[in-house]
Amino acid sequence: MTASAMTALRSAMVAAVGPAYVTDEPGEHPGLRVTPGSAAEVAEVIRRTGELGATIHPIGARRRPVEASADDRERVFISTSRLDQVLQLDEHSLLVHTQVGLTGQALERILAPRGLSLGDYPPVVLASSIGGIIAVRTPGKSSARHGFFEDAVVGVSAVLADGRTVHTRVAPRRSTGPDLARVLCGSEGTIGFITSAVLRIHKVPEARLVGAYLLPSMEAAINAVYLALREEAAPSGIRIYDAAEAARHFSNLELAPDQVLMCAGTAGPTDLAACDRDLITSAVIAEGGWATDTGLAELWWRRLHEGEPTPAPLPTLQVMGTPTKLQVVYRAVIAEAARLGTSASAHISRFDPDGGLLFVTLGDEAQTATIEKVAAAAGGWLLGARATKLDGYLRSLRAVLDPRGIMNPGTLA
Ligand SMILES: Cc1cc2nc3c(=O)[nH]c(=O)nc-3n(C[C@H](O)[C@H](O)[C@H](O)COP(=O)(O)OP(=O)(O)OC[C@H]3O[C@@H](n4cnc5c(N)ncnc54)[C@H](O)[C@@H]3O)c2cc1C
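Residues numbered from 1 in each chain as written. Predicted model: local features only at pLDDT ≥ 70, side-chain atom pairs only at ≥ 80, totals over all residues.

**Student:** Before we go on, may I ask you to explain the overall build of the chain in this structure?
**Tutor:** What the chain contains, in helices and strands, is 12 helices and 21 strands. A compact globule built from 413 residues would reach a C-alpha radius of gyration of about 22 Å, and the chain, at 23 Å, matches this within 12%. With 413 residues in all, the chain has 46% of them scored as buried. Expressed as a percentage of contacts within the chain between residues at least 6 apart in sequence, the contacts between residues at least 24 apart total 70%. (Helix = DSSP H or I, 4+ residues; strand = E, 2+ residues; numbered from the N terminus. Rg over C-alpha atoms; globule rule 2.2 N^0.38 Å. Buried ≥ 20, exposed ≤ 12 C-beta atoms within 10 Å, placed from the backbone. Contact = placed C-beta atoms within 7 Å.)

**Student:** I tried to follow the domain arrangement of the chain on my own but got confused; where do I start?
**Tutor:** Size of an interface: often given as the accessible area lost when the parts come together. On domain assignment, one finds that the chain holds domain 1 (3-79), domain 2 (86-203), domain 3 (207-308) and domain 4 (312-382). With centres defined by C-alpha atoms, the gap from domain 3 to domain 4 works out at 20 Å. On the side of domain 4, 11 residues touch domain 3, which itself brings 14 residues to the contact. Of all the elements in the fold, those that place two or more residues in the side of domain 3 that touches domain 4 are helix 6 (218-230), strand 15 (237-242) and helix 7 (243-249). When residues in the side of domain 3 that touches domain 4 are grouped by element, the largest group, six residues, is from helix 6. Class assignment of the residues belonging to the side of domain 3 that touches domain 4 gives a composition of nine nonpolar, no polar and five charged. (Domains from an automatic or database assignment. Nonpolar A, V, L, I, M, F, W, Y, C, P; charged D, E, K, R; others polar.)

**Student:** So what exactly am I meant to see when it comes to the pairing of strand 20 (residues 355-362) here?
**Tutor:** For a regular strand, the rule is simple: side chains alternate between the two faces of the sheet. A large share of strand 20 lies buried, amounting to eight of its eight residues. Relative to strand 20, strand 19 (residues 344-352) is paired through seven bridges, and the arrangement is antiparallel. Each bridged residue has a counterpart across the sheet, and for Ala346 the counterpart in strand 20 is Val360. Linking strand 19 to strand 20, which pair antiparallel, is a turn of two residues. (Pairing = 2+ DSSP bridges.)

**Student:** Help me understand the sheet that holds strand 10 (residues 153-159), please; the structure alone is not making it clear to me.
**Tutor:** Working definition: the strands of a sheet are paired by backbone hydrogen bonds and lie parallel or antiparallel to each other. The strand order across the open sheet built from five strands is 5-6-12-10-11, with neighbouring strands paired in antiparallel fashion. Each having just a single partner strand, strand 5 (86-90) and strand 11 (165-167) make up the two edges of the open sheet. Strand-to-strand, the axes of this sheet are offset by a mean angle of 10°, without reference to chain direction. Pairing analysis gives four bridges linking strand 5 to strand 6 (residues 95-99), with the strands arranged antiparallel. For Val86, the partnering residue across the bridge sits in strand 6 and is Thr98. (Axes fitted to C-alpha atoms, helices over the stretch in contact; angles between N-to-C directions.)

**Student:** Before we go on, may I ask you to explain the site of the ligand in this structure?
**Tutor:** Every one of the 29 residues lining the ligand counts as a neighbour, but Gly60, Ser128, Gly131, Gly132 and Gly189 are closest to it. Those elements giving two or more residues to the shell around the ligand turn out to be strand 3 (55-59), helix 4 (130-135) and strand 12 (193-200). The biggest single contributor to the shell around the ligand is helix 4, with four residues. Here the shell around the ligand is composed, by residue class, of 12 nonpolar, 13 polar and four charged. (Near = placed C-beta within 6 Å.)

**Student:** Sorry if this is basic, but what is going on with the sheet that holds strand 15 here?
**Tutor:** Read from one edge to the other, the open sheet built from eight strands follows the order 17-14-16-15-19-20-18-21, with strand pairing classed as antiparallel. What marks the edges here is a single partner per strand, and that holds for strand 17 (290-292) and strand 21 (381-382). Sitting on the sheet, helix 9 (residues 294-305) touches strand 14 (207-215), strand 15, strand 16 (260-268) and strand 17, and the angle it makes with strand 14 is about 120°. Along the sheet face, helix 11 (residues 368-377) touches strand 18 (317-321), strand 20 and strand 21 and points at about 0° away from the line of strand 18.

**Student:** How do you make sense of the nonpolar core when you look at a structure like this?
**Tutor:** Side chains that are nonpolar tend, in soluble globular proteins, to be buried together. Residues Leu215, Ala221, Leu261, Met262, Cys263, Val333 and Leu358 are the most contacted members of the largest nonpolar core, which totals 57 residues. Residue contributions to this core peak at eight residues, all from helix 6. The residue makeup of this core includes at least three contributed by each of domain 3 (207-308) and domain 4 (312-382). Ignoring anything within four residues of it in the chain, the contact list for Cys263 reads Val210, Ala212, Arg239, Leu296, Ala297 and Trp300. Listed in part, the 53 residues of the second largest apolar core include Val76, Leu111, Ala135 and Ala161. (Core = buried A, V, L, I, M, F, W, Y, C linked by C-beta atoms within 7 Å.)

**Student:** Mind showing me how you'd approach the environment of Val183 here?
**Tutor:** If you trace the backbone, Val183 turns up in helix 5 (residues 181-184). Residues Val183 and Leu326 lie 143 residues apart in sequence; the distance between their C-alpha atoms is 29 Å.

**Student:** For this particular structure, what's the right way to read the packing of helix 1 (residues 3-17) against helix 2 (residues 39-51)?
**Tutor:** A packed helix pair is summarised by two numbers, namely the angle formed by the two axes and the spacing between the axes. Where helix 1 meets helix 2, the axes come as close as 9 Å, and the angle between the chain directions of the two elements is 165°. Considered as vectors, helix 1 and helix 2 are oriented roughly antiparallel to each other. Here helix 1 runs over helix 2; the crossing is right-handed. Residues Ala12, Met13, Ala16 and Val17 of helix 1 form the contact with helix 2, whose participating residues are Glu41, Glu44, Val45 and Arg48. Taken together, the residues that form the contact of helix 1 with helix 2 break down as five nonpolar, no polar and three charged. (Parallel < 35°, antiparallel > 145°, perpendicular 65-115°, else oblique. Left-handed = near helix turned anticlockwise from the far one by under 90°.)

**Student:** Hey, could you run me through helix 2 in this one?
**Tutor:** Given 3.6 residues per turn, any residue in an α-helix points the same way as the ones three and four places further on. The terminal C-alpha atoms of helix 2, which comprises 13 residues, lie 19 Å apart, in line with the 18 Å expected from a rise of 1.5 Å per residue. All of the buried residues along helix 2 are Ala39, Glu41, Val42, Ala43, Val45, Ile46, Arg48, Thr49 and Gly50. Positioned one or two residues after helix 2, Gly53 has a phi angle of 80°, which is positive. (Expected span 1.5 Å × (residues − 1).)

Here is the structure:
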């Protein structure tokens, strides 16, 4: 782009949002960073950017570097940081209409004094902006108790490539016809720029219960989890530690080599929470396990939700496995680590009906890529893996909605 075209773009952005909110964005693929203060300003920025032939790159809490395209068009990075207002809270219907620049944690801080919550999603997920959480579908954004985060999305408002705004919630969810919000969930900024969302929320649970169990093997523990889930237990969290991981995380806990520790949390009205805990206990017993020191589960929960430090190092490898593949992937990863002569410890968590996430910490990080290949060959899905079979349809949709290819062109390419 020529200097005069760049000047025209900067002037157009300043006209849309004011000079205080247009800065230079450095980096490998530099551009302008624009921070609109309203959905109307987002629409104006996108409309003007498209007219001037530049590309749009939404940014939320920026937990992932933007995959800006390397083409020679000028880039406009649009930050959601000023879209940080709750627009409406309906405590009767348990719905919140929020702008997307708020992080999940910030929204939790607004909801908590009213006895409300987004739900039992992993705290690390809620460090992202609401826009980022909705725009990127990842296996960890779910809880057995509250489902996938996208299920909580009752409607979204988004700006399309030509500056038009779409609101998917114009009727209650029980109306008929296709749900366009689904297209925007997980579209990583390629279909539209999400400015606000209506989310299903929950009451803060009356009771939280935790339990710790020992089981004879990883297979038995995974079987117990799915036995309980098939019985419709809705735990707020479950984690299985293999013996090496248990020794790393809990001092003085020595398990037999094949044994595993399972920690589980349940929540809700006291009777329901107790019922869910009993379902999990029964499933553990059915798989040859037994209850152990609840203090272990209390420590697990405090580390997860109350900021108590988790022993370093952090996992080096994350793999998603379906219920039937989880144990196969776990065994393949551990066997490969042993073959390569590196230590490996693992835990599995974020269980839902689709599967769970295996987190592995390797003694030698340099072996990560080799072990990832083995995990994928065993049927695991690596962090960021995407089903690409429907890419033709996605490309057609993008071509219709965004013929100039300006919306996050380096993403889902
Ligand atoms: C492909 C991919 C896979 C990931 N997998 C995992 C995982 O398995 N586990 C995990 O813990 N983390 C994962 N992450 C990292 C991170 O947890 C998520 O991306 C998170 O949702 C990012 O939120 P954020 O607010 O930091 O957004 P950012 O990192 O700033 O943006 C993430 C993506 O969403 C787009 N985006 C942001 N806001 C909007 C908006 N308002 N409208 C439209 N598009 C928007 C951005 O352009 C970018 O493409 C993954 C990230 C990506 C991109």
